[in-house]
Amino acid sequence: MKTFQKTLIAAAAVVLSTAALAQTQAKLKVGLMLPYTGTYAALGNAIENGFRLYVAEQGGKLAGRELEFFKVDDESAPPKATDNVNKLVKRDHVDVLIGSVHSGVAMAMAKVAKDTNTLLIVPNGGADAITGPMCAPNIFRSSFSNWQPGFAMGEVAAKKGHKTAVTITWKYAAGDESVAGFKEAFEKGGGKIVKQLTLPFPNEEFQVLLTEIAAAKPDAVYTFFAGASAVKFVKDYAAAGLKKNIPLYGPGFITDGTLEAQGESAEGLFTTLHYADSLNTKRDNEFRLSYAKTYKLQPDVYAVQGYDAAQMLAIGLKAVNGDVSKKAEFAAALEKAKIDSPRGPFMISKAHNPVQDFYLRQVSNKENKMIGIAVKGLADPARGCKM
Ligand code: PHB
């Protein structure tokens with residue numbers, strides 16, 4: 001090869017590697033699509049707080065890259081979700097999407113993420129489909145599938161010897177799938193669901209349905225609500241005089257981040273979740289102290305899921321030296337990682353959903369006390385995921 005050709009090739013290599021370096025040293029654009037208004041507003045804020053706390057603990061950078069945030073309030077409104085996520089992907093050109101809380105919104109995000117091959121980490125929305133039929137190499141979840149805590153509670157309720165249950169929830173993916181998980185385990189354990197009551201999201205007119213529950217006289221009630229509406233439901237259930245006669249069960253969302261507002265009405269309730277207030281491990285104690293100092297608030301499961309979404313992003317980014325275009329390497333790193341979560345260490349399944357312990361908790365003195373492990377290492381069945 002002639003000298004000038006060698007020089008040209010060398011110069012081209014310098015230009016290319018400089019371009020790659022510039023790209024990986026530019027700020028990483030993070031699109032936060034979360035509810036900042038409506039019944040799930042507190043959940044969205046807790047997720048963002050948790051996410052930012054982890055980033056701050058790393059000195060503000062992940063894999064050497066500073067972060068730039070782009071935010072959208074999705075209002076937990078599925079009809080607006082596709083436009084909202086497209087603002088982040090097509091207008092702001094984010095490198096990674098983080099969101100959302102509401103299953104319907106999260107599914108719209110997963111669809112866009114898949115179509116545009118954008119990285120997505122879901123820090124709550126439990127829609128079974130996201131790590132089921134919609135599963136994809138670039139989509140991850142730091143939280144749970146709706147099936148998981150429901151299934152864990154179904155086992156607990158059956159073991160307690162209850163034979164009949166009424167379910168009450170919102171008519172959308174999260175409510176339907178939470179109830180389906182509960183039903184699967186409860187009926188396998190010898191129980192029977194005698195009535196399934198629903199109302200549209202985010203409706204809170206519970207009175208008529210509470211009257212139906214009183215008339216049906218089941219052994220137990222299973223419910224999924226969350227955020228501000230979980231506060232109202234738990235209070236209304238107690239005020240209707242049902243709490244002392246018919247035990248109320250649910251995924252831990254019915255009492256997480258809500259206990260100050262629920263007060264006495266939540267005392268004694270049993271729930272199942274992948275987090276609790278009294279794990280008392282070194283990892284969780286440090287997280288809780290750091291969160292409380294930073295935000296003057298106690299953390300909840302949503303804060304943990306936001307924190308772990310940032311940890312998962314960091315693990316993937318480190319493996320690709322900050323270059324998010326290397327999707328396969330990013331995924332491979334996460335698939336073999338043990339994530340050091342405040343909830344306890346967990347790994348992700350082939351479908352990219354956490355395989356994790358579900359704690360049995362009981363509300364005592366305004367805390368979700370861990371009283372045991374309901375199901376150890378529970379994996380979502382990932383029905384329909386071909387990956
Ligand atoms: C959901 O819509 O998937 C959802 C919302 C709030 C929760 C849990 C699940 O607390």
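The rules behind the values
- Throughout, residues of each chain are indexed from 1 in the direction in which the sequence is written.
- Selection of residues for local features in this predicted model requires a pLDDT of at least 70, selection of side-chain atom pairs for listing and counting requires 80 or more, and totals for whole chains, interfaces and linings are taken over all residues.
- Note: side-chain values were computed over all heavy atoms of the structure, leaving out hydrogens and water.
- For this analysis, a ring pair means two rings from Phe, Tyr or Trp (six-membered ring only for Trp) whose centres lie within 6.5 Å, classed as stacked if their planes differ by under 30 degrees, edge-to-face if by over 60, and tilted for the remaining angles.
- Numbering of helices and strands runs from the N terminus; a helix is a DSSP stretch of H or I covering at least four residues, while a strand is a stretch of E covering at least two.
- For each residue, the accessible area found with a 1.4 Å probe, counting protein chains only, is set against the maximum for its type, and the residue is called buried under 20%, exposed over 50%, and partly exposed in between.
- Look at NZ for Lys and CZ for Arg. If either is within 6 Å of the ring centre and within 35 degrees of the ring normal, a charge sits over the ring.
- Buried residues of nine kinds, namely Ala, Val, Leu, Ile, Met, Phe, Trp, Tyr and Cys, make up a nonpolar core once their side-chain atoms join them within 4.5 Å.
- Residue ranges assigned to the domains are those given by an automatic or database domain assignment.
- Contact between two residues is taken to exist if any of their heavy atoms lie within 4.5 Å; hydrogens are not considered.
- A fitted line through C-alpha atoms serves as each axis, taken over the contacting stretch for helices, and the angle formed by two N-to-C directions is quoted from 0 to 180°.
- Should an angle fall under 35 degrees it is called roughly parallel, over 145 degrees roughly antiparallel, and 65 to 115 degrees roughly perpendicular, with every other angle called oblique.
- We call a crossing left-handed when the near helix sits turned anticlockwise from the far one by less than a right angle, and right-handed when that turn is clockwise.
- Using only the protein atoms, space was sampled on a 1 Å grid; points where a 1.4 Å probe fits but cannot get out form cavities, open sets with protein on both sides within 12 Å along at least five of seven lines form pockets, and lining residues are those with an atom within 4 Å of a point.
- Grid points are joined across faces, edges and corners, and a volume is the space filled by probe spheres set on the points.
- When residue character is reported, Ala, Val, Leu, Ile, Met, Phe, Trp, Tyr, Cys and Pro are called nonpolar, Asp, Glu, Lys and Arg charged, and the others, Gly included, polar.
- Salt-bridge detection follows one rule: a side-chain nitrogen of Lys or Arg within 4 Å of a carboxyl oxygen of Asp or Glu.
- By definition, two strands form a pair when at least two bridges between them are found by DSSP.

> How should I be thinking about the packing of aromatic side chains in this particular structure?
To describe a pair of aromatic rings, one takes the distance between the centres and the angle between the planes. One pass over the full model with this rule turns up 23 aromatic pairs. Between the aromatic rings of Phe-224 and Phe-253, the centroid separation amounts to 6.1 Å while the plane-to-plane angle is 80°, which identifies the pairing as edge-to-face. Residue Phe-224 is found in strand 9 (residues 220–224), and its partner Phe-253 is found in the loop between strand 10 (248–251) and helix 9 (259–262); the two are separated by 29 residues along the sequence. There is no split in this pair, since Phe-224 and Phe-253 are both buried. Taken together through their ring pairs, the aromatic side chains of Tyr-40, Phe-144, Trp-170, Tyr-172, Phe-201, Phe-206, Phe-224, Phe-225, Phe-233, Tyr-237, Phe-253 and Tyr-302 make up a single cluster. The side chain of Arg-52 reaches across the aromatic face of Phe-69, ending 4.1 Å from its centre. The ring of Phe-270 has Lys-160 sitting right over it, with the charged end atom 3.9 Å from the ring centre.

> So what exactly am I meant to see when it comes to the nonpolar core here?
Here is a general trend for soluble globular proteins: nonpolar side chains tend to be buried in one another's company. Within the largest apolar cluster, 77 residues are counted, with the highest numbers of intra-cluster contacts made by Phe-51, Phe-140, Ile-213 and Leu-313. Among the elements that make up this core, the one with the highest residue count is helix 11 (residues 301–319) (eleven residues). Counting the residues that make up this core, at least three belong to each of domain 1 (12–144 + 279–352) and domain 2 (147–273). Leaving out residues up to four positions away in the same chain, Phe-140 has contacts with Leu-119, Leu-120, Ile-121, Val-122, Met-312, Phe-330, Ala-331, Leu-334, Ile-348 and His-352. Core analysis: the next-biggest nonpolar cluster, separate from the first, contains 24 residues, Met-33, Val-89, Val-122 and Ala-129 among them.

> What is the right way to read the packing of helix 11 against helix 12 (residues 327–335) from this model?
For any two helices packed against each other, the geometry is given by the interaxial angle and the distance between the axes. With their axes 8 Å apart at the nearest point, helix 11 and helix 12 run at an angle of 125° to one another. Considered as vectors, helix 11 and helix 12 are oriented oblique to each other. Helix 12 is crossed by helix 11, and the crossing has right-handed handedness. Residues Met-312, Leu-313, Ile-315, Gly-316, Leu-317 and Ala-319 of helix 11 form the contact with helix 12, whose participating residues are Glu-329, Phe-330, Ala-333 and Leu-334.

> Explain the layout of surface pockets here, please?
Empty pockets left among the atoms are what a rolling probe the size of a water molecule brings to light. When its volume is computed, the largest pocket comes out at roughly 550 Å³. Lining the largest pocket are 28 residues; nearest its centre among them are Gly-257, Thr-258, Gln-298, Pro-299 and Asp-300. Secondary structure elements with two or more residues in the lining of the largest pocket: helix 2 (41–57), helix 8 (227–239), helix 9, helix 10 (282–295) and strand 14 (367–378). If one sorts the elements of the lining of the largest pocket by residue count, helix 2 sits on top with six residues. Residue composition of the lining of the largest pocket, by class: eleven nonpolar, nine polar and eight charged.

> Would you take a moment to explain empty space enclosed by the protein for this structure?
Overall, the coordinates contain one cavity of 30 Å³ or more when judged by the stated rule. Empty space within the largest cavity amounts to approximately 90 Å³. Taken together, 15 residues line the largest cavity, and the ones lying closest to its centre are Val-101, Asn-124, Phe-144, Tyr-172 and Phe-224. Each residue belonging to the lining of the largest cavity can be placed in one class, and the counts come to ten nonpolar, five polar and no charged. Counting contributing residues, the lining of the largest cavity receives three or more from each of domain 1 (12–144 + 279–352) and domain 2 (147–273).

> I keep staring at the packing of helix 2 against helix 11 and nothing clicks. Help me out?
At a closest axis distance of 6 Å, the pairing of helix 2 and helix 11 adopts a crossing angle of 40°. Taken together, the axes of helix 2 and helix 11 lie oblique to each other. Crossing angle aside, the handedness with which helix 2 passes helix 11 is right-handed. Counting all contacts with helix 2, which are made through Leu-43, Ala-46, Ile-47, Gly-50, Phe-51, Leu-53, Tyr-54, Val-55 and Glu-57, the residues of helix 11 involved are Tyr-302, Ala-303, Gly-306, Tyr-307, Ala-309, Ala-310, Gln-311, Leu-313 and Ala-314. Residues of the contact of helix 2 with helix 11, tallied by class, amount to 14 nonpolar, three polar and one charged.

> What is the right way to look at the pattern of salt bridges in this model?
A side chain with one charge can pair with a side chain of the opposite charge if their charged atoms come near. Per the counting criterion, the structure on display carries 19 salt bridges. The shortest N-O distance in the salt bridge between Asp-115 and Lys-111 comes to 2.7 Å. One end of the pair is Asp-115 and the other is Lys-111, both in helix 4 (residues 103–116) and four residues apart, which spans about a single turn. With a relative accessible area of 47%, Lys-111 lands in the partly exposed category. Of the charged contacts, one joins Asp-340 and Arg-283 as a salt bridge, the two residues approaching to 3.2 Å between their closest N and O atoms. Here Asp-340 is found in the loop between helix 12 and strand 12 (347–348), whereas its partner Arg-283 is found in helix 10, with 57 residues between them in sequence. For Asp-340, a relative accessible area of 41% corresponds to the partly exposed category. Residues joined by salt bridges that share partners form a network here, namely Glu-48, Arg-52 and Lys-71.

> Before we go on, may I ask you to explain the sheet that holds strand 4 (residues 96–98) in this structure?
Strand-to-strand pairing in sheets goes through backbone hydrogen bonds, with the strands running parallel or antiparallel. The six strands are arranged 2-3-1-4-5-6 in an open sheet whose pairing can be described as mixed. Single-partner strands in this sheet number two, and they are strand 2 (61–62) and strand 6 (139–141). Here strand 4 pairs with strand 5 (residues 119–122) via three bridges, running parallel. In the strand pairing of strand 5, Leu-97 is matched with Leu-120.

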